Amino acid sequence: MSLDSQHPYDALSPDAVIDAVESAGFWSDARVFALNSYENRVYQVGIEEGEPLIAKFYRPERWSEAQILEEHRFTQALADNHIPVIAPIRNADGNSLFEHGGFQFALFARRGGHAPELDNLDNLYVLGRTLGRIHLQGAAKPFEHRPTLDTQSFGHASREFLLDNNWLPKHYASDYQHLTAELLELIEQRFADIEQLRLIRLHGDCHPGNILWRDDAPHFVDFDDCRSGPAIQDLWMLISGDQQQQRLQMSEIIEGYEEFQPFDRRELALIEPLRALRIMHYSAWLARRWQDPAFPLHFPWFNSESYWMEHLMELTELRSTIQAEPLQLGG
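Residues numbered from 1 in each chain as written. Predicted model: local features only at pLDDT ≥ 70, side-chain atom pairs only at ≥ 80, totals over all residues. Heavy atoms only, no water.

Enquirer: Explain the overall build of the chain to me, please; I cannot follow it from the model alone.
Expert: Counting its secondary structure elements, the chain contains 9 helices and 9 strands. Computed over the C-alpha atoms, the radius of gyration of the chain is 21 Å, within 12% of the 20 Å expected from 2.2 N^0.38 for a compact globule of 331 residues. By its C-alpha atoms, the chain is 60 × 50 × 35 Å across when sized along the principal axes. Counting across all 331 residues of the chain, residues that qualify as buried make up 49%. The contacts of the chain with a sequence gap of at least 6 include a subset with a gap of at least 24, amounting to 71%. Entry remark: accessible area of the chain is about 16,100 Å², with carbon and sulfur atoms responsible for 48%. (Helix = DSSP H or I, 4+ residues; strand = E, 2+ residues; numbered from the N terminus. Rg over C-alpha atoms; globule rule 2.2 N^0.38 Å. Buried < 20%, exposed > 50% of the residue type's maximum accessible area, 1.4 Å probe, protein only. Contact = heavy atoms within 4.5 Å. Areas by Shrake-Rupley, 256 points an atom, 1.4 Å probe, with all protein chains shown as cover.)

Next up, the structure:
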């Protein structure tokens, strides 16, 4: 795959970032620090006589304005209910989405913190309580514009993109085609097994890197991937280890969760299917973004012979895991 030397983010120089922030009514002290972000571009921007702000520039043509504003309304509703999330800053006119130089962007207060210690069961209980509160609000009404986490968008579309654009080495393509077809059939069956599966508004990308732990509490950030889906999507990335460890961890999370919101234990059978969909989507995401210069720079191992070999091995293991007995909780 050839790399395009021109990319929209090439125009996002430090001066352009400062001009954008000042166009929203904040006077910068000209200090700009790029933060780790690949899907979007995120900067810490110094503000004269004030705390620095976080400026997030949305990837062009990824989300519609209606979808971005729906994300903002969701996080603001959570914040209004005293749930610890970082909602975008609104100006005097109530606007949270701004545009400058061809980019849509939002501003956030800077908040410190560290990733939660997931081997601490007390922390998992608190995380469960907070997610229960988020999901209570998330279940109050549906998204109108945000997408749904489903097998088509995360699985079939990812598979088709990689195969149609010849990303896999020829000697792996056939194995990938047959393996993923079987895997997706298994995943679809697991979803179909749960009658009247409830889909609610979710964080959607609830890994530890999107949780800041401070003042003995979690603060959830980056709702960029918020979408509709089963509640378990926001829980399963918080557990790890062997099945006994996962059982203990998930029990603690759900105990806290159910202080605010009932949890349908049938959804435990979706943990491994959702893991497989995330892994398939991740490979296609890297391929879709490869013309962004940041991706070859930060993911140099992608698209190598060893990468695809390991990817196939991982999917093969997941096929077996999905066919096995799902995680069960005691009691």
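Don't stop here, the text continues.
Enquirer: Explanation requested: the sheet that holds strand E4 (residues 98-100) in the structure shown.
Expert: In any sheet, the strands associate via hydrogen bonds between backbone groups, in a parallel or an antiparallel arrangement. As summarised here, the arrangement of the 5 strands in space is E1-E2-E3-E5-E4, forming an open sheet in which the pairing is antiparallel. If you trace the sheet from one side to the other, it starts and ends with strand E1 (28-34) and E4, each paired once. Strand-to-strand twist across the sheet, computed as the mean angle between neighbouring axes with direction ignored, equals 35 degrees. Against the sheet, helix H1 (residues 14-23) touches E1, strand E2 (41-47), strand E3 (50-57), E4 and strand E5 (103-109), its axis set at about 125 degrees to E1. (Pairing = 2+ DSSP bridges. Axes fitted to C-alpha atoms, helices over the stretch in contact; angles between N-to-C directions.)

Enquirer: Hey, could you run me through the pattern of salt bridges in this one?
Expert: A side chain of one charge can pair with a side chain of the opposite charge if their charged atoms are brought near each other. In total, this model carries 20 salt bridges according to the counting rule given. We note a salt bridge from Asp 292 to Arg 59, for which the minimum N-O separation is 2.6 Å. Taken together, the positions of Asp 292 in the loop between helix H7 (271-288) and helix H8 (294-298) and Arg 59 in the loop between E3 and helix H2 (65-80) put the pair 233 residues apart, joining distant regions of the chain. For the pair Asp 292 and Arg 59, a shared accessibility class is recorded, and that class is buried. (Salt bridge = Lys/Arg side-chain N within 4 Å of Asp/Glu carboxyl O.)

Enquirer: What should I look at first to understand the layout of surface pockets in this one?
Expert: A probe matching the size of a water molecule, rolled over the atoms, marks out where space remains unfilled. By volume, the largest pocket amounts to about 1,400 Å³. Around the largest pocket, the lining comprises 43 residues; the ones closest to its centre are Ser 37, Asp 205, Asn 210, Asp 222 and Asp 225. Residue contributions to the lining of the largest pocket peak at 5 residues, all from H7. Taken together, the residues that form the lining of the largest pocket break down as 16 nonpolar, 13 polar and 14 charged. Each pocket or cavity is described by its volume, and for the second largest pocket that value is around 270 Å³. Around the second largest pocket, the lining is made up of 17 residues, and of these Glu 272, Thr 321, Glu 325, Pro 326 and Leu 327 lie nearest the centre. Contributing elements (two or more residues each) for the lining of the second largest pocket: helix H6 (243-257), H7 and helix H9 (305-323). Residue composition of the lining of the second largest pocket, by class: 8 nonpolar, 3 polar and 6 charged. (1 Å grid on protein atoms, 1.4 Å probe; cavity = no way out; pocket = protein on both sides within 12 Å on 5 of 7 lines; lining within 4 Å. Points joined across faces, edges and corners; volume = space filled by probe spheres on them. Nonpolar A, V, L, I, M, F, W, Y, C, P; charged D, E, K, R; others polar.)

Enquirer: Explanation requested: the packing of helix H3 (residues 121-138) against H6 in the structure shown.
Expert: Relative orientation and spacing of two packed helices are given, respectively, by the angle between their axes and the distance between those axes. Packing of H3 against H6 brings their axes to within 6 Å, and their N-to-C directions diverge by 45 degrees. Compared by their axis directions, H3 and H6 come out oblique. The crossing of H3 and H6 is right-handed. Facing H3, whose interface residues are Leu 121, Leu 124, Tyr 125, Gly 128, Arg 129, Leu 131, Gly 132 and His 135, H6 presents Leu 248, Gln 249, Glu 252, Ile 253, Glu 255, Gly 256 and Tyr 257. Class assignment for the residues of the contact of H3 with H6 results in 7 nonpolar, 5 polar and 3 charged. (Parallel < 35°, antiparallel > 145°, perpendicular 65-115°, else oblique. Left-handed = near helix turned anticlockwise from the far one by under 90°.)

Enquirer: Which parts of the structure should I look at to understand unusual backbone geometry?
Expert: Note: most residues except glycine have negative phi, and most peptide bonds are trans. We note that Glu 49 has phi near 55 degrees; this positive angle belongs to a residue other than glycine. Tracing the backbone shows Glu 49 in the loop between E2 and E3. Under the relative-accessibility criterion, Glu 49 is labelled exposed at 88%. A positive phi is found at Asn 303, a non-glycine position, where the angle reads about 70 degrees.

Enquirer: I would appreciate a short explanation of the nonpolar core in the present structure.
Expert: Where a protein is soluble and globular, its nonpolar side chains tend to be buried together. One finds Phe 220, Ile 232, Leu 235, Met 250, Leu 268 and Phe 302 to be the most contacted residues of the largest nonpolar core, which totals 69 residues. Contacts of Leu 268, omitting those with residues within four sequence positions, involve Ile 232, Met 250, Ile 254, Phe 263, Pro 326, Leu 327 and Leu 329. In terms of nonpolar packing, the next biggest core, distinct from the first, is built from 16 residues, Tyr 9, Val 21, Val 45 and Phe 57 among them. (Core = buried A, V, L, I, M, F, W, Y, C linked by side-chain atoms within 4.5 Å.)

Enquirer: Explanation requested: the pairing of E1 in the structure shown.
Expert: Consecutive side chains of a regular strand alternate in pointing toward one face of the sheet and then the other. Looking at chain direction, E1 and E2 are connected through 4 bridges and run antiparallel. Residue Ser 28 lies in a different strand from E2, and its bridge partner there is Ile 47. With antiparallel pairing between neighbouring strands as the criterion, E1 and E2 make up a hairpin whose turn holds 6 residues.

Enquirer: Any chance you could explain helix H4 (residues 151-164) here in plain terms?
Expert: Counting along an α-helix, one turn takes 3.6 residues, and residues three or four places apart therefore face a common direction. Taking 1.5 Å as the rise per residue, H4 with 14 residues should run 20 Å; its terminal C-alpha atoms sit 18 Å apart, in good agreement. The largest bend in H4 amounts to roughly 30 degrees and is located at Ala 157. Lining the buried residues of H4 we find helix H5 (170-192), strand E9 (227-229), H7 and H9. Directly beyond the C-terminal end of H4, a positive phi value near 55 degrees is found at Asn 166. (Expected span 1.5 Å × (residues − 1). Bend = angle between axes of the 7 residues up to and from the residue.)

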